[in-house]
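Summary of the model geometry
Next come the chains, spelled out residue by residue.
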Amino acid sequence: MRRVTYAMSVSLDGYIVGLDGDFDWTAPDEEVFRFWIDETRELGVHLLGRRLYETMLYWETADQDPSLDAASLEWIAVWNPLPKVVFSSTLSAVQGNARLASGGLAEEIERLRAEPGDGDIAIGGATLAAEAAALDLIDEYRVMVYPVLVGGGIPFFAQDGRRVDLELVGTRTFGSKVVHLRYRVARQAASAQ
């Protein structure tokens, strides 16, 4: 069955966006950018909330910029054809290889898991991820931790008072002192009755 993953960059104090709405501290260096490109190649579909979708729209036409470097062009070649599902109550249309979600998050994930195909189902955006976490739909958390404290903002993890046990399945430290952590949700096997 296709895994559901939640991966984003986060400050050491746990925020994906600071109090001022800024996330410039997440600008990846070449090594981190290469890592994200390779991770994205493994995806089958990306689920996004409206805010992240609108942020990522930049890439739909960025290839027209003659000053882009080879890594950015490679990112575009990986990101733009990736199927995307956008969850929004305010958008009436989306661009590129995206479609608006036709059902709730649990229904969409169930349908995507049932479809033939390879690649993980990635969730982007804290609000959408919080909903998926509350529904126990996330199989893996992939956290790119930046060595910065931003003091508040939008948290990576939902503050829902629910305990979730995790198993560490991978780590990587980059030359820029950014650390990638990969955790699998530790689910108890159903007891036989």
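So, here is what we can say about the structure in this document. By convention here, each chain's residues receive numbers from 1 onward along its written sequence. The model is predicted, so local features are restricted to residues of pLDDT at least 70 and side-chain atom pairs to those at 80 or more, both for listing and for counting; the totals for chains, interfaces and linings are taken over all residues. The side-chain numbers reported here are obtained from all heavy atoms of the structure, hydrogens and water having been left aside.

Take the buried Ala, Val, Leu, Ile, Met, Phe, Trp, Tyr and Cys residues and link them wherever side-chain atoms come within 4.5 Å; each set so joined is a nonpolar core. Relative accessible area decides the class of each residue, using a 1.4 Å probe on protein chains only: under 20% of the type maximum gives buried, over 50% gives exposed, and in between gives partly exposed. Of all hydrophobic cores here, the largest spans 27 residues; its most connected members are Tyr6, Leu47, Leu105, Ile123, Ile138 and Phe156. Each helix is a run of H or I in the DSSP string that is no shorter than four residues. Each strand is a run of E no shorter than two, and both are numbered from the N terminus. Sorting elements by how many residues they give to this core places helix H6 (residues 126-134) first, with 5 residues. Beyond its immediate sequence surroundings of up to four residues, Leu105 is in contact with Leu47, Phe87, Leu128, Glu131, Ala132 and Leu137. With 17 residues, the next largest nonpolar core counts Tyr53, Leu68, Val86 and Ala122 among its residues. Contacts: residue pairs with any heavy atoms within 4.5 Å of one another.

What follows is about the side chain of His180. With respect to the helices and strands, the residue His180 is situated in strand E10 (residues 179-185). For His180, the residues in contact, after removing those within four places along its chain, are Phe35, Arg142, Val143, Met144, Gly170, Thr171, Arg172 and Phe174.

Let us now look at H6. Restricting attention to buried positions, one finds in H6 the residues Ala126, Leu128, Ala129, Ala132 and Ala133. One side of H6 holds all its buried residues, which, seen down the axis, span an arc of 160 degrees. The directions considered for the arc run from the helix axis to the C-beta atoms.

What follows covers the packing of aromatic side chains. Working definition: a ring pair exists when centres of Phe, Tyr or Trp rings (six-membered ring for Trp) sit within 6.5 Å. Plane angles under 30 degrees give stacked, over 60 give edge-to-face, the rest tilted. Under the definition given, this model contains 11 aromatic pairs. Measuring from centroid to centroid gives 6.2 Å for Tyr6 and Tyr141, while their planes differ by 70 degrees, and the two rings are edge-to-face. In this pair, Tyr6 is assigned in strand E1 (residues 4-11) and Tyr141 in strand E7 (residues 140-146), connecting sequence segments 135 residues apart. On the basis of relative accessible area, Tyr6 is assigned to the buried category, the value being 1%. According to the relative accessible area criterion, Tyr141 is buried, its value standing at 7%. Ring geometry for Trp75 and Trp79: centres 5.4 Å apart, planes at 15 degrees, overall stacked. You can see Trp75 and its partner Trp79 sitting in helix H4 (residues 70-79), 4 residues apart, about one turn around the helix. Assigned by exposure class, Trp75 and Trp79 land together as buried. What links up through ring pairs into an aromatic cluster is the set Phe33, Tyr58, Trp59, Trp75 and Trp79. By the criterion adopted, a ring carries a charge over it if an Arg CZ or a Lys NZ lies within 6 Å of its centre and within 35 degrees of its normal. Over the ring of Trp79 we find Lys84, and its NZ or CZ is 4.7 Å from the ring centre.

This part is about the pairing of strand E6 (residues 120-124). For E6, the buried fraction is high: 5 of the 5 residues fall into the buried class. Burial of the side chains of E6 extends over both faces: Asp120, Ala122 and Gly124 are buried on one face and Ile121 and Ile123 on the other. Any two strands are treated as partners once DSSP identifies two or more bridges connecting them. When E1 meets E6, the two strands line up parallel, connected through 3 bridges. Within the sheet, the bridge partner assigned to Val4 lies in E6 and is Ile121. Sheet topology note: the strand E3 (residues 43-49)/E6 ladder contains 5 bridges and is parallel. By the bridge assignment, His46 is partnered in E6 with Ala122.

Take the pattern of salt bridges next. Salt bridge, as used here, is a side-chain nitrogen of Lys or Arg placed within 4 Å of a carboxyl oxygen of Asp or Glu. In the structure shown here, the tally under the stated rule is 19 salt bridges. The partner of Glu108 in a salt bridge is Arg111, and the shortest N-O contact between them spans 3.0 Å. Of this pair, Glu108 and Arg111 both sit in helix H5 (residues 105-114), separated by 3 residues, roughly a single helical turn. Accessibility expressed as a relative area gives 1% for Glu108, which makes it buried. The partly exposed category is assigned to Arg111, whose relative accessible area is 32%. The residue Arg142 makes a salt bridge to Asp120 at a minimum N-O spacing of 3.3 Å. Taken together, the residues span a long stretch of sequence, with Arg142 in strand E7 and Asp120 in strand E6 at a distance of 22 residues. Overlapping salt bridges, with partners in common, bring together Arg3, Glu39, Asp120, Glu140, Arg142 and Arg182 in one network.

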